[in-house]
Amino acid sequence: MNVLLRGWIGSDKPITILDLSGVPPSILNLIIGVLLRILYDALFWSRKLPEGGRNRPLLIVMEEAHNYLNDNFSGLASITVQRIAKEGRKYGIGAMIVSQRPSEINSTILSQCGTFFALRLSNATDRAHIKGAVSDNLEGLTSMLPILRTGEAIILGEAVKLPMRCLIDAPEKDKRPDSFDPIVYDEKPPEDSTTPGGWGVKRIISEKDYQELIKVWRSQNPTSSEIKNLGIMNRVSVISSNIASIGYDEANETVEVEFKDGSVYQYFDVPNQVANDFMNNPPDGSHGKYLAANIKGRYRYAKV
């Protein structure tokens, strides 16, 4: 147990991530409840020790909290989170509840939150849940929730002297979460597009596409195994309106394209001649047009 706790709260890294996305929903509440109870009890009873909660406070961030805090305290997770929300501050353990559906969070837990970061909420039930958890004189401010822009938030509570409406800076493009909207149909011309997907791209379907699909499904890892085996590829800069650099691994017949928006894609089974023409001497002088005409839709690809 001491080795387990050291890995969770004694690591030299500032953040420890416990990924429970693969846990079946039927036992998710119990598993999370046990984990939270272990953390709370450990920091509670060691509060006077150097590694205890008062000397090394811990914040537990609960993503997608509506999946396991939506009962009437009938589950272990809800019971433990309620205790952390009520008493944790005194012993150096805090809770951050993250959810897109606050109406599904138990109202008792939500009412114990001292600070709210409320982003755009269109659903009337969700807005009513937030209004019920804040002071009566702040209900007017919460009426702006449906009209907030992307990345804009209303901050209420103990963390700010006055309620405020603010715009949160987005992280750098290469550090953003993999949660962007799928490309249904790319409106840009093929030579200007930085995304090889979408129903507008005519593709040549290969059996290997579905073999790789089964591989990532079974491994529970969305990253293509072919990308992992290649490592970092050397790329050369090119003059293009949307392409920053191009690389080619001749042994694996893989082309790597870095676009100017920061995204990187690898195309597999690309012959040496096609790759050389693309990198060094595209017939019409445009790398983007050559990519659209000779590589996109013809060869398998994956995002790096």
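Values in this document were obtained by computation on a predicted structure and should not be read as measured data.

Student: Describe the overall build of the chain, with residues and values.
Tutor: Looking only at helices and strands, the chain has ten helices and ten strands in total. Scaling as 2.2 N^0.38, a compact globule of 304 residues should have a C-alpha radius of gyration of about 19 Å, whereas the chain reaches 25 Å, well beyond that. If one aligns the C-alpha atoms of the chain with their principal axes, the spans along those axes are about 70 × 50 × 35 Å. Contacts in the chain between residues far apart in sequence, at least 24 positions, make up 54% of those at least 6 positions apart. As displayed, the chain offers around 19,100 Å² of accessible surface, 53% of which is attributable to carbon and sulfur atoms.

Student: Break down the nonpolar core for me, citing the residues and quoting the values.
Tutor: Of all hydrophobic cores here, the largest spans 33 residues; its most connected members are Ile60, Met62, Tyr68, Leu69 and Leu145. Ranked by residues supplied to this core, first place goes to helix 2 (residues 25–45) with eight residues. Ile243, Val255, Val257 and Ala275 belong to the second largest nonpolar core, which has 18 residues in total.

Student: Describe the packing of helix 1 (residues 2–9) against helix 2, and please don't skip the residues or the numbers.
Tutor: Helix-helix packing is described using two parameters, namely the angle between the two axes and the distance between the axes. Here helix 1 crosses helix 2 at 90 degrees, and the two axes come no closer than 12 Å. Of the possible angle classes, the one that applies to helix 1 and helix 2 is roughly perpendicular. Facing Leu5, Trp8 and Ile9 of helix 1, the residues of helix 2 in contact are Leu35, Ile38, Leu39, Ala42 and Leu43. Tallied by class, residues from the contact of helix 1 with helix 2 come to eight nonpolar, no polar and no charged.

Student: Outline the pattern of salt bridges, supporting the account with residue identities and numerical values.
Tutor: Per the counting criterion, the structure on display carries eleven salt bridges. One connected set of salt bridges, linked through shared partners, spans Arg101, Glu104 and Asp126.

Student: Tell me about the pairing of strand 4 (residues 152–157), and please be specific about residues and values.
Tutor: Within a regular beta strand, the side chains point alternately toward one face of the sheet and then the other, so they alternate between its two faces. Within strand 4, five of the six residues are buried, which leaves the element mostly enclosed by the surrounding structure. Bridge count for strand 3 (residues 115–118) against strand 4 is four bridges, and the pairing is antiparallel. Following the sheet pairing, Phe116 is matched in strand 4 by Leu156. Relative to strand 5 (residues 164–167), strand 4 runs antiparallel, the two being bridged by four bridges. Residue pairing in the sheet places Ile154 in a bridge with Arg165 of strand 5. Hairpin connection of strand 4 to strand 5: six residues between the antiparallel strands.

Student: So, the side chain of Ser263: which residues are in play, and what are the values?
Tutor: On the secondary structure map, Ser263 appears in the loop between strand 8 (254–259) and strand 9 (264–268). Among the polar contacts made by the side chain of Ser263, one reaches the side chain of Asp261 at a distance of 2.7 Å. When residues no more than four places from it in sequence are discounted, the contact partners of Ser263 are Thr194, Val257, Glu258 and Lys303.

Student: Would you mind going over the confidence of the model for the chain in detail, with residue names and values included?
Tutor: Parts of the prediction with low pLDDT should not have their coordinates interpreted in detail. On average, residues of the chain score 85 in pLDDT, and 96% of them are at 70 or above. Mean pLDDT values for the elements of the chain range from 71 in helix 8 (residues 225–230) up to 94 in strand 1 (residues 58–62).

Student: Any chance you could break down the packing of aromatic side chains for me, citing the residues and the numbers?
Tutor: Per the counting criterion, the structure on display carries seven aromatic pairs. Between the aromatic rings of Tyr267 and Tyr301, the centroid separation amounts to 6.1 Å while the plane-to-plane angle is 40 degrees, which identifies the pairing as tilted. Taken as a pair, Tyr267 in strand 9 and Tyr301 in strand 10 (residues 301–303) lie far apart in primary sequence, 34 residues in all.

Student: How would you explain the sheet that holds strand 10 if you had to name every residue and give the values?
Tutor: Spatially, 6-7-8-9-10 is the arrangement adopted by the five strands of the open sheet, whose pairing is antiparallel. Lying at the two open borders of the sheet, with one neighbouring strand each, are strand 6 (235–237) and strand 10. Averaged over all neighbouring strand pairs, the angle between strand axes comes to 20 degrees, with direction disregarded. In terms of strand pairing, strand 6 meets strand 7 (residues 243–249) through three bridges, oriented antiparallel. Residue pairing in the sheet places Arg235 in a bridge with Gly247 of strand 7.

Student: An account of the environment of Gly200 is requested, with residue identities and associated values reported.
Tutor: Its location among the elements puts Gly200 in the loop between strand 5 and helix 7 (207–219). Under the relative-accessibility criterion, Gly200 is labelled partly exposed at 41%. For the pair Gly200 and Pro57, spaced 143 residues apart in sequence, the C-alpha separation works out to 51 Å. Setting aside residues no more than four positions away along its own chain, Gly200 makes contact with Val184 and Tyr185.

Calculation criteria
Residues numbered from 1 in each chain as written. Predicted model: local features only at pLDDT ≥ 70, side-chain atom pairs only at ≥ 80, totals over all residues. Heavy atoms only, no water. Helix = DSSP H or I, 4+ residues; strand = E, 2+ residues; numbered from the N terminus. Rg over C-alpha atoms; globule rule 2.2 N^0.38 Å. Contact = heavy atoms within 4.5 Å. Areas by Shrake-Rupley, 256 points an atom, 1.4 Å probe, with all protein chains shown as cover. Core = buried A, V, L, I, M, F, W, Y, C linked by side-chain atoms within 4.5 Å. Buried < 20%, exposed > 50% of the residue type's maximum accessible area, 1.4 Å probe, protein only. Axes fitted to C-alpha atoms, helices over the stretch in contact; angles between N-to-C directions. Parallel < 35°, antiparallel > 145°, perpendicular 65-115°, else oblique. Nonpolar A, V, L, I, M, F, W, Y, C, P; charged D, E, K, R; others polar. Salt bridge = Lys/Arg side-chain N within 4 Å of Asp/Glu carboxyl O. Pairing = 2+ DSSP bridges. Polar contact = N/O pair within 3.5 Å; in protein donor to acceptor, adjacent residues only side chain to side chain. pLDDT = per-residue confidence, 0-100. Phe/Tyr/Trp six-rings, centres within 6.5 Å; stacked < 30°, edge-to-face > 60°.

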